[in-house]
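Residue strings, one per chain:
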Amino acid sequence: MSVLEALKNNGFQTIDYAVFVVYIIILVSLGVFLSRGKKGEEKSSTDYFLAGNTLTWWAVGASLIAANISAEQFIGMSGSAFNSGIAMAAYELMAAATLLVVGKFLLPLMIEKKVFTIPQFLRDRYNDGVGLSFSIFWLFLYVFINLTSVAWLGALAIKQILGLPAVMGTMAGMSVDFTLLTIILILFLVAGLYSIYGGLASVAWTDVMQVTFLVGGGLITAYAALDVIGSELHIEGGALGAFSEIYSHLGSIDGDKHFNLVVTRNESIPNITDDPYFDIPGIVVIVGALWLTNLGYWGFNQYIIQKGLAAKSLSEAKKGMIFAAFLKILIPFIVCIPGVCAFYIMNGSYEGTPVLDLLGNRLAGSIERSDDAYPYLIRNFTPVFVKGLSFAALAAAVISSLASMFNSTSTIFTMDIYKQYLNKGASEKKLVTVGRVTSVCALLLALIAVYPIMGGADQAFQVIQEYSGFVYPGIVVIFGLGLLWKRASGVAAVVTAIGTFAFSILFKLILPEVPFLLRMGYVFICLVVMFFGLSFLSGRTKPAEKLAENVVKTQLKYAYICLISAVVCFVIGIVSIFSTDMQNLGFEAVFFLGAMMLSLFIYLRSNALDKVEDVNSIGVDIEIFRTDRTFNIGAAGVIIILVILYSILW
């Protein structure tokens, strides 16, 4: 079948293609329009890399989510929901809680200290070696892992939804699907057309439109699938009635966990690696090392946190985090509900008849593997025009992530390597030019590398997700304590950076059947012990600034609250060792929570009482952590929604 024949026979109509083409035209035109500076004025580095610090709360929140959501969620998470249920939504739901922590405690310090990039903070806080090492690490990560994996997964999804045939050929001695490579090139070019010239302003403001398509298209797809199921099976109540039927039917199947947010160990599955618990181990997703993944990603990842740093004020940045948290709660259900619907279609029954038989006369294709679920629904259950919107939503997710990565790659190279080591006297115009050239180079390198890196691994992104977990424990310790603790030393930072890989590899080898989220917790415990010990023993110190008496009392009060919490966690953890039921719920995670509480106790007590501090320490005024009424109400709303969801779907 030719490409043109596939485009005619894939269920898409002319209006669907028109919707998508119009979306692309509007996106690029808006990006180019927004990239224009004031007449007669050249863009400064702040304009290009931080949007001139002009982002409002709604632009910050929308851009955060647009940069975060990609084919991983639409395809991977929907596939996981098809296979295991909505438990994978825990990753996203706890991200909403993490955004509150970042907005209250981490982002204010970064903005106050005028942090431009994350490696810049490491350089100023520790030493040049730590900053340069992480600059190089993130450049390699963005170009060879993030850009390639996002483009690869996005292209696979687009090819599958459109039903395009593979056009195989050979390039550099390697078998290549030129259909896939062409889609990747188009995605790179569309994202690059506006982001490379316009910088973060173009990326962030177009993300407002992107997130509208993303959320709107996702909701419409989920609703359309439920509505068709309700209509075809003659279920009263339309889409809501269909959802109720799916919920009831799956809930009545013994052992089915598709609507459980917390997964317990299923001892009837002897090989733990085949159990959904292995990927989503019980309460670990609430009180365990999932926090390390989320804090590392949302708090210390350049292409994410850069949106908060570009806000026009600290107040706008905090409100942007709240807005992003509310959007984040929506996302997993936009993509998880379609996956569960697909499972019901393929495996469920209605009034004794298999659903697939009842719908079979209108369905095209099949679900050969879990990740086929979302494309299958778009092709079969979304009506004309809506199909185009759903397709545009998926493209929006991929393009916005790529655009953010281009901008952050150029920011890190230009500000942390070029300006710092190659041309310290570079003009603002030169910095912007270097930033644009860097983005073009990143695009070309990722395009060249995408097939060698991603072409031979069907489960590449899942593997990358686990192995990125090797890095997050160290990142959270190094960045978190560097921001907050006055005794954190450069020696401890260097050793911890090495230790996060060493301990992760060691635990992977000796504990292969322990869920990786639990292993991350064990690595964290080892790293904090090492970091505190080295900082106390080897730090270069100076006399500490005298604190006001009320500040000392406040820090000590919270320190002892954390100490009591740590003791309670350790006691619960010890009790869980002797309880099979508690072990099947992943109660080992409370040891991680106890270690985190103990770490907070040590840092708060040290900040309050120690007479010396590291020579590069940054002063922390606890007043900066105060939040206004808007933030507090929004945070309370997010927490209440999370509590309700977990209460209903536990």
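Residues numbered from 1 in each chain as written. Predicted model: local features only at pLDDT ≥ 70, side-chain atom pairs only at ≥ 80, totals over all residues. Heavy atoms only, no water.

Q: Could you give me a rundown of the overall build of the protein chain, with the residues and numbers involved?
A: Per the secondary structure count, the protein chain includes 27 helices and 6 strands. Scaling as 2.2 N^0.38, a compact globule of 650 residues should have a C-alpha radius of gyration of about 26 Å, and the protein chain matches this with 25 Å. For the protein chain, the residues scored as buried account for 57% of the 650 residues in total. For the protein chain, contacts bridging at least 24 residues in sequence account for 83% of all contacts bridging at least 6. If you sum the accessible surface of the protein chain, you get close to 25,900 Å²; carbon and sulfur atoms cover 65% of it. Charge separation in the protein chain, taken as the distance between the mean sites of 40 positive and 43 negative side-chain charges, equals 14 Å. (Helix = DSSP H or I, 4+ residues; strand = E, 2+ residues; numbered from the N terminus. Rg over C-alpha atoms; globule rule 2.2 N^0.38 Å. Buried < 20%, exposed > 50% of the residue type's maximum accessible area, 1.4 Å probe, protein only. Contact = heavy atoms within 4.5 Å. Areas by Shrake-Rupley, 256 points an atom, 1.4 Å probe, with all protein chains shown as cover. Lys, Arg positive; Asp, Glu negative; His and termini not counted. Charge placed at Lys NZ, Arg CZ, Asp CG, Glu CD.)

Q: Any details on the packing of helix 8 (residues 128–162) against helix 19 (residues 428–454)? Residues and values, ideally.
A: Between helix 8 and helix 19, the shortest axis-to-axis distance is 8 Å and the interhelical angle comes to 75°. Comparing the axis directions of helix 8 and helix 19 gives the class roughly perpendicular. On the side of helix 8, the interface is formed by V143, F144, L147, T148, S149 and W152, while helix 19 contributes A442, L445, A446, A449, V450, Y451, I453 and M454. Considering only residue class, the contact of helix 8 with helix 19 consists of 12 nonpolar, 2 polar and no charged. (Axes fitted to C-alpha atoms, helices over the stretch in contact; angles between N-to-C directions. Parallel < 35°, antiparallel > 145°, perpendicular 65-115°, else oblique. Nonpolar A, V, L, I, M, F, W, Y, C, P; charged D, E, K, R; others polar.)

Q: Summarise helix 8; cite the residues concerned and give the values.
A: If you check helix 8, its first and last C-alpha atoms are 49 Å apart, about what 35 residues at 1.5 Å a residue would give, namely 51 Å. A bend of about 35° at Y142 is the largest found in helix 8. The N-cap of helix 8, judged by a side-chain oxygen 3.1 Å from the amide nitrogen of G129 a few residues on, is N127. Count one or two residues on from helix 8 and you reach G163, which has phi positive near 65°. (Expected span 1.5 Å × (residues − 1). Bend = angle between axes of the 7 residues up to and from the residue. Polar contact = N/O pair within 3.5 Å; in protein donor to acceptor, adjacent residues only side chain to side chain.)

Q: Provide a residue-level description of the packing of aromatic side chains, including the pertinent values.
A: Applying the stated criterion to the full structure yields 32 aromatic pairs. Note that R125 overlies the ring of Y126, its terminal NZ or CZ placed 5.3 Å from the centroid. A cation over a ring is seen here: R436 above Y197, with NZ or CZ 4.3 Å from the ring centre. (Phe/Tyr/Trp six-rings, centres within 6.5 Å; stacked < 30°, edge-to-face > 60°. Lys NZ or Arg CZ within 6 Å of the ring centre and 35° of its normal.)

Q: Can you explain a nonpolar patch on the surface? Please cite residues and give values.
A: Taken together, the side chains of F501, I505, L506, L509 and I510 present a nonpolar region at the surface, about 490 Å² in accessible area. Checked against the element boundaries, F501 lands in helix 22 (residues 490–510). (Patch = residues over 30% accessible without salt bridge, like charges linked within 9 Å, V, L, I, M, F, W, Y side chains within 5 Å. Salt bridge = Lys/Arg side-chain N within 4 Å of Asp/Glu carboxyl O.)

Q: Go over the confidence of the model for the protein chain, please, and point to the residues and values.
A: Averaged over all residues, the pLDDT of the protein chain equals 86, while 96% of them reach at least 70. Averaged pLDDT values for the elements of the protein chain fall to 60 in helix 20 (residues 460–468) and rise to 95 in helix 26 (residues 589–609). (pLDDT = per-residue confidence, 0-100.)

Q: Describe unusual backbone geometry, and please don't skip the residues or the numbers.
A: Of note, the phi angle at H234 is positive, near 60°, even though the residue is not glycine. You can see H234 is positioned in the loop between helix 10 (200–232) and helix 11 (238–251). Within the chain, E351 stands out as a residue other than glycine whose phi angle is a positive 55°. Taking relative accessible area as the criterion, E351 reaches 72% and is therefore assigned exposed.

Q: How would you explain the layout of surface pockets if you had to name every residue and give the values?
A: The space that makes up the second largest pocket amounts to roughly 1,500 Å³. If you trace the second largest pocket, you find 45 residues lining it, with V101, F105, M597, L600 and Y603 closest to the centre. Residue assignment for the lining of the second largest pocket shows that the elements contributing at least two residues are helix 6 (89–112), helix 12 (284–287), helix 13 (290–300), helix 21 (472–484), helix 23 (516–538), helix 24 (549–577), helix 26 and helix 27 (629–649). Within the lining of the second largest pocket, the residues separate by chemical class into 35 nonpolar, 6 polar and 4 charged. (1 Å grid on protein atoms, 1.4 Å probe; cavity = no way out; pocket = protein on both sides within 12 Å on 5 of 7 lines; lining within 4 Å. Points joined across faces, edges and corners; volume = space filled by probe spheres on them.)

Q: Give me the pairing of strand 2 (residues 174–177): which residues, what numbers.
A: Consecutive side chains of a regular strand alternate in pointing toward one face of the sheet and then the other. The pairing of strand 1 (residues 168–171) with strand 2 spans 4 bridges and is classified as antiparallel. The residue bridging T170 from the neighbouring strand is S175, located in strand 2. The antiparallel hairpin formed by strand 1 and strand 2 contains 2 residues in its connecting segment, where A172 sits at a positive phi of about 55°. (Pairing = 2+ DSSP bridges.)

Q: I'd love a proper account of the pattern of salt bridges, names of residues and values included.
A: Pairs may arise between side chains of opposite charge once their charged atoms sit close together. Tallied over the entire structure, the rule returns 9 salt bridges. Note that R125 is salt-bridged to D614, the shortest N-O span being 3.3 Å. Here the residue R125 occupies a position in helix 7 (residues 118–125), and D614 occupies one in strand 6 (residues 612–614), the gap between them amounting to 489 residues. Under the relative-accessibility criterion, R125 is labelled buried at 0%. Classification of D614 by relative accessible area gives buried; the value is 4%. D177 is paired through a salt bridge with K159; the nearest N and O atoms lie 2.5 Å apart. One end of the pair, D177, is in strand 2; the other, K159, is in helix 8, and 18 residues separate them in sequence. Like D177, the residue K159 is buried in the burial classification.

Q: Lay out helix 22 with the relevant residues and their values.
A: Taking 1.5 Å per residue, 21 residues should reach 30 Å; helix 22 reaches 30 Å between its end C-alpha atoms and fits that length. The principal kink in helix 22, of about 30°, is found at G499. Those residues of helix 22 that are buried are in contact with helix 8, helix 21 and helix 23.

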